Each structure stands twice: as C-alpha cells, then as structure tokens.
Amino acid sequence: MAHDGILLGMGNPLLDISAVVDQEFLDKYDIKLNNAILAEDKHLPMYDDMSSKYTVEYIAGGATQNSIRVAQWMLQKPGATSYMGSIGKDKFGEEMKKNAKQAGVNVHYYEDESPTGTCGVCVVGGERSLVANLSAANCYKPDHLKKPENWALVEKAKYYYIAGFFLTVSPESIMLVAEHATANNKVFSTNLSAPFICEFFKDVQDKVFPYMDYVFGNETEARAFSKVHGWETENVEEIALKISQLPKASGTHKRITVITQGADPVVVAEDGKVKLLPVIPLPKEKLVDTNGAGDAFVGGFLSQLVLEKPIEECVRAGCYAANVIIQRSGCTYPEKPDFE
C-alpha cells in the first residue's frame with residue numbers, strides 16, 4: 001500500500017500554453033519537433049502570437065509535476081505524492097494550485113515575485129515541441145527546501161523523482177535530496193529530459209548521476225547523452241547499458257535505465273543486460289499529441305515502483321499511462337485509471 005507522501009517530486013511548475021500550429025510557425029521561431037528548449041529573447045513574442053493565431057489551451061504542466069500528477073492518478077490515494085517548485089503570485093499560479101489540489105497532490109510551492117513560468121507547446125502532426133519560459137520556476141532556492149515543513153516531505157518520502165530540467169534551476173536542492181536518499185537507502189530517479197540538458201548541463205548532471213537509481217529518457221536524449229560523453233554509439237540499447245553502469249554513490253540499489261522510443265519497444269538496462277518491452281500500439285488517427293507522453297510514462301512507472309512491483313509491471317503501467325495521455329491534449333487524463 002502506498003503510504004502518505006511516499007513519492008516526492010521537485011521541479012519547474014509551468015503552465016502549458018498549447019496549440020496545434022503549422023510548419024511555418026515552427027520555422028519562424030526556429031523550433032524543431034520532438035525537442036525541448038529554454039526560451040531565448042527571439043521566442044518571447046511567440047506566446048502572444050500563438051494565442052492570437054491559434055486556439056490555445058492552458059494546462060498545468062512542467063515535466064516533474066506532470067509525472068507526479070499521473071502517479072497520483074494511478075495510485076488513487078489522495079496525498080500519496082507531494083511536489084515542490086516555484087510559482088508566481090498571479091492567476092497562473094492560482095490555477096496551478098487549484099489543479100494540483102484537484103489532482104490530490106500535496107504541493108508546497110515557493111511563491112516568487114516573478115510571473116509563473118509558462119511553456120509553449122507547439123503541436124504539428126501529433127508531435128510536440130516545447131519552449132519553456134521558466135520565469136518564477138527559475139527562482140527555487142534551497143532555503144525553501146530546508147524549511148521544516150518542506151524538509152518533512154523529504155523525510156517522509158521513500159521515492160524521489162526530479163527531472164533533469166531542475167538541474168538548470170537548483171542543483172544544490174537536488175544534491176540535498178540525493179544525499180538524504182543515499183544515506184537512508186531510499187530510491188532516487190531522474191530523467192535525461194532534453195538534449196540541451198545533456199549538452200549544456202553535463203557537469204551538474206554528471207555530479208548528481210552517482211545518486212540516481214533510475215534514469216529515464218527517450219531515444220533522442222539518450223543519443224545526445226552518448227555524444228556528449230564521447231561514447232561514439234547511436235545504439236540505444238548500448239547507451240542504456242552504459243548509463244546503467246556509470247559509477248554509483250552507494251551499492252544499496254543498482255541503477256536501472258529505462259529509455260522509451262515512441263512506438264518502438266521500451267529499453268530496460270539492468271545487471272549488464274537489456275530487455276525490450278513492447279508498448280501499446282495506437283492507430284495514428286487516435287493520436288492527439290505527444291505532449292506529456294514521456295512524463296506520463298514515468299508517472300505510471302513510479303506508481304507501481306512505490307508499490308514494489310516488478311520492473312515489467314512498472315513499464316506496463318508506464319505504457320498504459322502514456323497511451324491514455326497521447327489520446328488527449330496535454331498531460332490530462334480521465335477521472336479514473338482503467339489499469340488492471
């Protein structure tokens with residue numbers, strides 16, 4: 001049984017501003033599909049441009065927050081999960097709080113003077129590209145984490161998930177949780193998250209990796225990671241294996257790498273071996289958008305991991321959750337899961 005607060009996530013809470021756009025729009029802002037980037041000055045007009053040209057939807061997002069919400073939905077036990085991150089004192093921030101409460105996640109947001117972060121989600125042909133303007137999300141500080149009422153969430157949890165995106169914000173906060181997890185034999189998982197994280201935040205990523213028991217990612221991110229580390233291989237199975245064998249801070253838990261490949265099988269590397277596990281096929285006409293698919297996979301996976309289910313079950317739950325989410329806009333889901 002999942003006890004209260006068994007799973008804790010920390011990350012960048014962002015409000016997704018999602019729209020189906022066209023190739024011309026992608027070209028205008030130099031955006032590539034199946035990618036995630038941080039907004040530069042040239043991208044800032046994009047958000048208004050989107051809402052004036054296309055029908056936009058506002059959906060509570062942010063990679064880690066999505067995964068935690070999906071895990072919470074799968075567990076169907078209010079308060080089984082908790083989450084920390086930084087939002088603004090504005091209507092987007094209020095929206096985020098309301099959304100998290102409805103989802104049953106115990107959120108402890110830090111509230112900053114900057115506006116709540118947003119993420120432009122550009123959808124073309126069901127594929128998504130993400131452009132994040134972190135704003136308030138960028139202001140998270142270890143001081144918030146160290147407050148007794150927040151650190152209590154860390155102590156209560158047995159499993160942690162922090163996507164790679166948080167490396168750009170507060171590596172110090174990640175290290176505090178990582179050291180606690182290792183000292184107390186708890187389970188810590190992360191995500192490669194985006195090629196730019198592997199490329200431009202390699203040093204901080206390398207620093208937290210020894211503490212990571214589960215590493216998630218997709219094939220594009222895995223190849224970027226391989227390239228940055230000079231592994232000279234594009235073979236996802238080989239890369240997953242190499243990631244699982246990187247040095248570890250403690251020998252209590254072995255590292256397991258889980259790489260998704262869209263409609264192709266999920267690659268699981270552990271104990272020097274690779275398993276390929278099938279995903280649930282979905283006819284193209286049922287695909288709405290892939291936004292949140294990877295996050296949902298992780299959320300589904302974690303929901304079974306905290307119940308101490310075998311890895312095959314965790315992957316099956318991940319595939320189930322991702323399959324539900326890609327048939328809807330953004331990282332949203334029906335009232336109850338139908339996972340047996």
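Being a predicted model, the structure only gives us computed values, none of them experimental.

So, the environment of Leu44
Right, so step 1: Its location among the elements puts Leu44 in the loop between strand S3 (35–38) and helix H2 (46–53).
Right, so step 2: Leu44 sits 89 residues away from Asn133 along the chain, and the two C-alpha atoms are 8.0 Å apart.
Right, so step 3: The residues touching Leu44, leaving out its near neighbours within four places in the chain, are Ala39 and Asn133.

Points about empty space enclosed by the protein
Right, so step 1: Counted according to the given criterion, the structure contains 2 cavities of 30 Å³ or more.
Right, so step 2: When its volume is computed, the largest cavity comes out at roughly 50 Å³.
Right, so step 3: Forming the boundary of the largest cavity are Ala181, Thr182, Asn185, Lys186, Tyr211, Asp213, Lys248, Ser250, Thr252 and His253.
Right, so step 4: Of the residues assigned to the lining of the largest cavity, the class counts are 2 nonpolar, 5 polar and 3 charged.
Right, so step 5: The computed volume of the second largest cavity comes to approximately 40 Å³.
Right, so step 6: Along its surface, the second largest cavity is lined by Asn34, Asn35, Ala36, Arg128, Ser193, Ala194, Pro195, Asn218, Thr220 and Glu221.
Right, so step 7: Of all the elements in the fold, those that place two or more residues in the lining of the second largest cavity are S3 and helix H10 (219–228).
Right, so step 8: In the lining of the second largest cavity, the residues fall into 3 nonpolar, 5 polar and 2 charged.

A word on the pairing of strand S13 (residues 264–270)
Right, so step 1: In terms of residue burial, S13 counts as a mostly covered element, since 5 of its 7 residues are buried.
Right, so step 2: Where strand S12 (residues 256–261) folds back on S13, the antiparallel hairpin that results is connected by 2 residues, among which Gly262 adopts a positive phi of roughly 60 degrees.
Right, so step 3: As judged from the 5 bridges shared by S13 and strand S14 (residues 273–277), these two strands associate in the antiparallel manner. Pairing of Val268 across the sheet is with Lys275, part of S14.
Right, so step 4: The hairpin turn running from S13 into S14, its antiparallel successor, is 2 residues long, and Asp271 in that turn takes a positive phi close to 50 degrees.

Structural notes on the packing of aromatic side chains
Right, so step 1: Under the defined criterion, the tally for this structure stands at 18 aromatic pairs.
Right, so step 2: Put simply, the rings of Tyr161, Tyr214, Phe216, Phe297 and Phe301 pair up and form one aromatic cluster.

As for the UniProt feature "domain: Carbohydrate kinase PfkB" (unreviewed entry) in the chain
Right, so step 1: Those residues carrying the UniProt feature "domain: Carbohydrate kinase PfkB" (unreviewed entry) are residues 25–334 in this numbering.
Right, so step 2: Regarding residues 25–334, the helix share stands at 40% and the strand share at 23%, and the terminal C-alpha atoms are separated by 31 Å.

Reading the values: rules and limits
Residues numbered from 1 in each chain as written. Predicted model: local features only at pLDDT ≥ 70, side-chain atom pairs only at ≥ 80, totals over all residues. Heavy atoms only, no water. Helix = DSSP H or I, 4+ residues; strand = E, 2+ residues; numbered from the N terminus. Contact = heavy atoms within 4.5 Å. 1 Å grid on protein atoms, 1.4 Å probe; cavity = no way out; pocket = protein on both sides within 12 Å on 5 of 7 lines; lining within 4 Å. Points joined across faces, edges and corners; volume = space filled by probe spheres on them. Nonpolar A, V, L, I, M, F, W, Y, C, P; charged D, E, K, R; others polar. Buried < 20%, exposed > 50% of the residue type's maximum accessible area, 1.4 Å probe, protein only. Pairing = 2+ DSSP bridges. Phe/Tyr/Trp six-rings, centres within 6.5 Å; stacked < 30°, edge-to-face > 60°. UniProt positions renumbered as here; feature names shortened; annotations may be inferred.

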